[in-house]
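Residues per chain, in single letters:
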Amino acid sequence: MDLYEALKAGTSAEELLKAFHKDLDEANARIAAEEEAAADKEYLADCRECLAEAIIEYAKAFLGEDLDESFSVKSVVETLEGFEKEMEQTIAFSKKLDKILKEAKSENKKPVGIKVTTRSIDDDDIIAQFLKSLK
């Protein structure tokens, strides 16, 4: 609905201004958040590259020789990025697991446990113990 239609429908100028300022504030907040996220991303990239350079210098000092051409800042950065993705997945899994454990605790349920003894246990025994713990 445009301003003409809103005014014709009985919306007051104050209500329109209030809605406009609300939308404007939300837009400004979104832009600020995007700019902050971009700055954080750039800072992380800079830190990653500095770390890659330091790792290469460390490896050179430790080995006492120049490194193979395949061991470059770019290759170390790519390895670090892969590590970051794995860590993000691990963190997400950890958060889900924490949530599940908190919910189980709040429902006065004990986390699932399997009794382990020093004797040899075959797969069927482990499955049976697990199924018993679910009851």
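Model, not experiment: these values are computed from the prediction.

Undergrad: With reference to specific residues and values, describe the packing of aromatic side chains.
TA: One pass over the full model with this rule turns up one aromatic pair. Summarising the aromatic geometry, the rings of tyrosine 58 and phenylalanine 62 are spaced 6.0 Å apart at their centres and angled 15° between planes, so their arrangement reads as stacked. Of the two residues, tyrosine 58 and phenylalanine 62 are both situated in helix α2 (residues 13-63); the distance of four residues between them amounts to about one turn of the helix. Exposure remark for phenylalanine 62: the relative accessible area of 61% places this residue in the exposed category.

Undergrad: Kindly report on the pattern of salt bridges, identifying the contributing residues and their values.
TA: Once the charged atoms of two side chains with opposite charge are near each other, the side chains can pair. The full count for this structure, using the stated rule, is five salt bridges. Note that arginine 48 and glutamate 81 form a salt bridge whose closest N and O atoms lie 3.5 Å from each other. Residue arginine 48 is located in helix α2, and its partner glutamate 81 is located in helix α3 (residues 73-106); the two are separated by 33 residues in the primary sequence. Linked by salt bridges that have partners in common, Arg48, Glu81 and Glu84 make up one network.

Undergrad: Break down α3 for me, citing the residues and quoting the values.
TA: Relative to the 50 Å expected for 34 residues at 1.5 Å per residue, α3 spans 48 Å between its end C-alpha atoms, a close match to the ideal helical length. Among the residues making up α3, those that are buried are Val76, Val77, Leu80 and Ala104. On its buried side, α3 packs onto α2.

Undergrad: Before we move on, can you summarise a nonpolar patch on the surface with the specific residues and values?
TA: Together, Ile127, Phe130, Leu131 and Leu134 make up a nonpolar patch on the protein surface, roughly 370 Å² of accessible area in all. Topologically, phenylalanine 130 is positioned in helix α4 (residues 123-133).

Undergrad: Any details on a negative patch on the surface? Residues and values, ideally.
TA: Taken together, the side chains of Glu42, Asp46, Glu49 and Glu53 present a region of like negative charge at the surface. Position of glutamate 49 relative to the elements: it lies in helix α2. Classification of glutamate 49 by relative accessible area gives partly exposed; the value is 41%.

Undergrad: Describe the packing of α2 against α3, listing the residues and the values that go with them.
TA: At their nearest, the axes of α2 and α3 sit 9 Å apart, and the two run at 120° to each other. Compared by their axis directions, α2 and α3 come out oblique. Relative to α3, α2 is oriented so that their crossing is right-handed. Seen from α2, the contacting residues are Leu44, Arg48, Glu49, Leu51, Ala52, Glu53, Ile55 and Ile56; seen from α3, they are Val73, Val76, Val77, Leu80, Glu81 and Glu84. Split by residue class, the contact of α2 with α3 holds nine nonpolar, no polar and five charged.

Undergrad: Please set out the confidence of the model for the protein chain residue by residue, giving values where relevant.
TA: Mean pLDDT over the protein chain: 87, with 89% of residues reaching 70 or higher. Considering each helix and strand of the protein chain separately, the mean pLDDT is smallest for α4, with a value of 80, and largest for α2, with 95.

Undergrad: A description of the nonpolar core should follow, citing residues and the corresponding values.
TA: Counting five residues, the largest nonpolar core is built from Ala52, Ile56, Val76, Val77 and Leu80. Elements with a contribution of two residues or more to this core: α2 and α3. The greatest single-element share of this core, amounting to three residues, is contributed by α3. Residues within four places of alanine 52 in sequence aside, it is in contact with Val73, Val76, Val77 and Leu80.

Criteria and cut-off values
- Residues numbered from 1 in each chain as written.
- Predicted model: local features only at pLDDT ≥ 70, side-chain atom pairs only at ≥ 80, totals over all residues.
- Heavy atoms only, no water.
- Phe/Tyr/Trp six-rings, centres within 6.5 Å; stacked < 30°, edge-to-face > 60°.
- Helix = DSSP H or I, 4+ residues; strand = E, 2+ residues; numbered from the N terminus.
- Buried < 20%, exposed > 50% of the residue type's maximum accessible area, 1.4 Å probe, protein only.
- Salt bridge = Lys/Arg side-chain N within 4 Å of Asp/Glu carboxyl O.
- Expected span 1.5 Å × (residues − 1).
- Contact = heavy atoms within 4.5 Å.
- Patch = residues over 30% accessible without salt bridge, like charges linked within 9 Å, V, L, I, M, F, W, Y side chains within 5 Å.
- Areas by Shrake-Rupley, 256 points an atom, 1.4 Å probe, with all protein chains shown as cover.
- Lys, Arg positive; Asp, Glu negative; His and termini not counted.
- Charge placed at Lys NZ, Arg CZ, Asp CG, Glu CD.
- Axes fitted to C-alpha atoms, helices over the stretch in contact; angles between N-to-C directions.
- Parallel < 35°, antiparallel > 145°, perpendicular 65-115°, else oblique.
- Left-handed = near helix turned anticlockwise from the far one by under 90°.
- Nonpolar A, V, L, I, M, F, W, Y, C, P; charged D, E, K, R; others polar.
- pLDDT = per-residue confidence, 0-100.
- Core = buried A, V, L, I, M, F, W, Y, C linked by side-chain atoms within 4.5 Å.

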